[in-house]
Amino acid sequence: MADPAHSDPFSRSGGRGVLSSPMEICWQFDYALDIEQLQSLYSKAKRNQWDAEQQLDWSQEIDPSRPIVDEERFGFDNIPFIQKLDARRREAFTANVSAYRLSQFLHGEQGALMTAAALTHAVPDHAGKLYAATQTMDEARHVEVFEKYVRKLAKVYPMSPGLKKLIDNTLTADSWVKIAIGMNMVVEGLALGAFHNMRRQTTCPLLRQLVELVLRDEARHVAFGNVYVSKAISGMHPDEREDVAQFAFDAIHAMMANTGGPRGSGKRLPDPGFRLALEEADIDPHDFALGMKQAHAEGIRPDQEPDAIHAYQDLMMPALVRVGAVTERSRKLYEEADIPVYADTRVLESLEAADSGEPDLA
Ligand SMILES: [Fe+2]
Ligand SMILES: [Fe+2]
């Protein structure tokens with residue numbers, strides 16, 4: 001008999017939540033498109049709109065019990081605990097952890113949809129509002145495609161409490177600059193890295209094509225954060241800049257506490273959704289945590305593929321440094337918290353450049 005909790009994959013995803021926002025909403029009666037780079041991002045966004053229903057082949061069948069990623073590229077095949085699993089549990093682990101990650105993409109995209117709408121309210125410039133409206137539409141499309149894909153996997157896992165807290169703090173921030181830092185740099189840095197790695201790992205043509213389309217949009221979103229936040233921070237009073245730098249530090253610090261360090265120390269129990277994914281694969285979460293801890297003690301880390309992107313090192317921190325959201329004072333906070341400040345923007349710039357052409361849907 002079918003388990004009623006599994007008849008609708010969304011039945012256990014966590015209901016709804018309500019937040020209050022102290023953010024100021026800004027009318028702008030000067031309709032001049034006077035920020036050239038924003039105007040160009042807005043034009044590019046209009047040109048590169050795509051329709052998931054028309055442009056992706058949703059008839060492709062997916063067997064939810066089989067992995068949708070290449071196990072050797074998934075980042076766990078060097079962990080002794082995983083290597084010792086029998087073939088059935090290992091396959092179930094890969095399938096369920098992929099579904100868990102895709103569920104996080106889906107929930108994160110809903111957060112992005114709401115933050116982009118909030119930016120449309122709050123940014124002071126006409127070009128900024130038009131651009132933010134296109135990002136809102138982009139994020140709606142991302143929610144749509146991940147919802148459709150996750151439904152095919154027949155499983156949706158609850159949102160990670162750490163990701164939820166990060167997005168909640170961003171949504172309830174008191175200024176648009178903080179919202180753009182929390183979303184367009186920290187959360188979208190995390191997403192850009194995760195999507196990029198998923199595109200390389202997946203063996204499912206539909207997922208690869210879908211993620212490629214999403215990545216093009218996300219590259220534009222990260223570029224918006226850079227263009228617009230740089231401009232705003234450079235015009236700020238030093239006290240206001242420190243307030244923004246503190247917000248950026250708090251967001252990074254909270255994210256680190258959630259993931260266990262820049263590359264994950266494996267020293268904590270997985271979050272409730274991940275635990276459910278492990279249980280679906282018949283793996284005891286305590287045994288998993290112990291296995292990860294032992295691997296960490298032996299110097300073995302997940303995600304060590306040479307071409308993998310490290311969201312924190314390659315995207316988030318360089319983006320924050322580039323816009324001026326790391327000050328001399330906040331640099332000391334990073335040092336005290338043992339969080340390295342990376343400033344090499346090469347990977348970030350190469351991903352931003354990925355949005356330079358029209359979507360390739362061949
Ligand atoms: Fe998105
Ligand atoms: Fe985005």
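Residues numbered from 1 in each chain as written. Chains lettered and ligands numbered in written order. Predicted model: local features only at pLDDT ≥ 70, side-chain atom pairs only at ≥ 80, totals over all residues. Heavy atoms only, no water.

A few points about the packing of aromatic side chains
Consideration 1: All chains considered together, the criterion is met by 17 aromatic pairs.
Consideration 2: Ring centres of Phe274 and Phe288 lie 5.4 Å apart, and the angle between their planes is 40°; this geometry places the pair in the tilted category. In this pair, Phe274 is assigned in helix α11 (residues 272–280) and Phe288 in helix α12 (residues 285–297), connecting sequence segments 14 residues apart.
Consideration 3: With a relative accessible area of 11%, Phe274 lands in the buried category.
Consideration 4: Directly above the ring of Trp50 sits Arg141, whose terminal nitrogen or CZ lies 4.6 Å from the centroid.
Consideration 5: The ring of Trp58 has Lys148 sitting right over it, with the charged end atom 5.5 Å from the ring centre. (Phe/Tyr/Trp six-rings, centres within 6.5 Å; stacked < 30°, edge-to-face > 60°. Helix = DSSP H or I, 4+ residues; strand = E, 2+ residues; numbered from the N terminus. Buried < 20%, exposed > 50% of the residue type's maximum accessible area, 1.4 Å probe, protein only. Lys NZ or Arg CZ within 6 Å of the ring centre and 35° of its normal.)

Quick word on the coordination of the iron ion (ligand 2)
Consideration 1: For the iron ion (ligand 2), the protein coordination sphere consists of Glu139 (OE), Glu188 (OE), Glu218 (OE) and His221 (ND1), at 1.9 to 2.2 Å.
Consideration 2: For the iron ion (ligand 2), the donor residues sit on a single chain with the sequence spacing E-x48-E-x29-E-x2-H.
Consideration 3: A gap of 3.2 Å separates the iron ion (ligand 2) and the iron ion (ligand 1), which Glu139 links by coordinating each metal. Placement of Glu188 in helix α8 (residues 176–201) and of His221 in helix α9 (residues 205–234) is noted, with a sequence separation of 33 residues between them. This pair shows no difference in class: Glu188 is buried, exactly as His221 is. (Donors = N, O, S within 2.8 Å, 3.2 Å for Na, K, Ca; no water.)

Things to note about the coordination of the iron ion (ligand 1)
Consideration 1: The iron ion (ligand 1) binds to the protein through Glu109 (OE), Glu109 (OE), Glu139 (OE), His142 (ND1) and Glu218 (OE); the donor distances cover 1.9 to 2.7 Å.
Consideration 2: Written as a sequence motif, the donor arrangement for the iron ion (ligand 1) is E-x29-E-x2-H-x75-E.
Consideration 3: A relative accessible area of 3% places Glu109 in the buried class.

Let's talk about the packing of helix α2 (residues 36–47) against α9
Consideration 1: Their axes nearest at 10 Å, the elements α2 and α9 cross at an angle of 165°. Judged on the interaxial angle alone, α9 and α2 are roughly antiparallel. Helix-helix and strand crossings are classified by hand; for α2 and α9 the assignment is left-handed. Contact residues: α2 offers Gln37, Leu38, Leu41, Lys44 and Ala45, while α9 offers Arg220, Ala223, Phe224, Val227 and Tyr228.
Consideration 2: Of the residues in the contact of α2 with α9, the class split is 7 nonpolar, 1 polar and 2 charged. (Axes fitted to C-alpha atoms, helices over the stretch in contact; angles between N-to-C directions. Parallel < 35°, antiparallel > 145°, perpendicular 65-115°, else oblique. Left-handed = near helix turned anticlockwise from the far one by under 90°. Contact = heavy atoms within 4.5 Å. Nonpolar A, V, L, I, M, F, W, Y, C, P; charged D, E, K, R; others polar.)

Some details on the nonpolar core
In a soluble, globular protein the nonpolar side chains are often hidden away together inside.
Consideration 1: Tyr149, Ile181 and Leu320 are the most contacted members of the largest nonpolar core, which has 107 residues in total.
Consideration 2: For this core, the element with the most residues is α9, which contributes 14 residues.
Consideration 3: What Leu320 contacts, discounting residues up to four positions off in sequence, is Ile181, Met185, Val186, Ala248, Ile252, Ala325, Val326 and Tyr334. (Core = buried A, V, L, I, M, F, W, Y, C linked by side-chain atoms within 4.5 Å.)

Details of α8
Consideration 1: With 26 residues, α8 ought to run about 38 Å at 1.5 Å a step, and its terminal C-alpha atoms sit 35 Å apart, in line with that.
Consideration 2: A maximum bend of about 40° is found in α8 at Glu188. (Expected span 1.5 Å × (residues − 1). Bend = angle between axes of the 7 residues up to and from the residue.)

A look at the pattern of salt bridges
Consideration 1: Using the criterion set out here, one finds 16 salt bridges in the structure.
Consideration 2: Residues Glu91 and Arg66 are paired through a salt bridge, measuring 2.7 Å at the closest nitrogen-oxygen approach. In this pair, Glu91 is assigned in helix α5 (residues 87–122) and Arg66 in the loop between α3 (52–55) and α4 (80–83), connecting sequence segments 25 residues apart.
Consideration 3: Overall, Arg66 belongs to the partly exposed group, its relative accessible area being 43%.
Consideration 4: For Asp243, the salt bridge identified is with Lys178, shortest N-O distance 2.9 Å. Taken together, the positions of Asp243 in helix α10 (residues 238–259) and Lys178 in helix α8 put the pair 65 residues apart, joining distant regions of the chain.
Consideration 5: Residue Asp243 is classed as partly exposed on the basis of its relative accessible area, which comes to 38%.
Consideration 6: Residues joined in a network through salt bridges with shared partners are Asp138, Arg141, Asp217 and Arg220. (Salt bridge = Lys/Arg side-chain N within 4 Å of Asp/Glu carboxyl O.)

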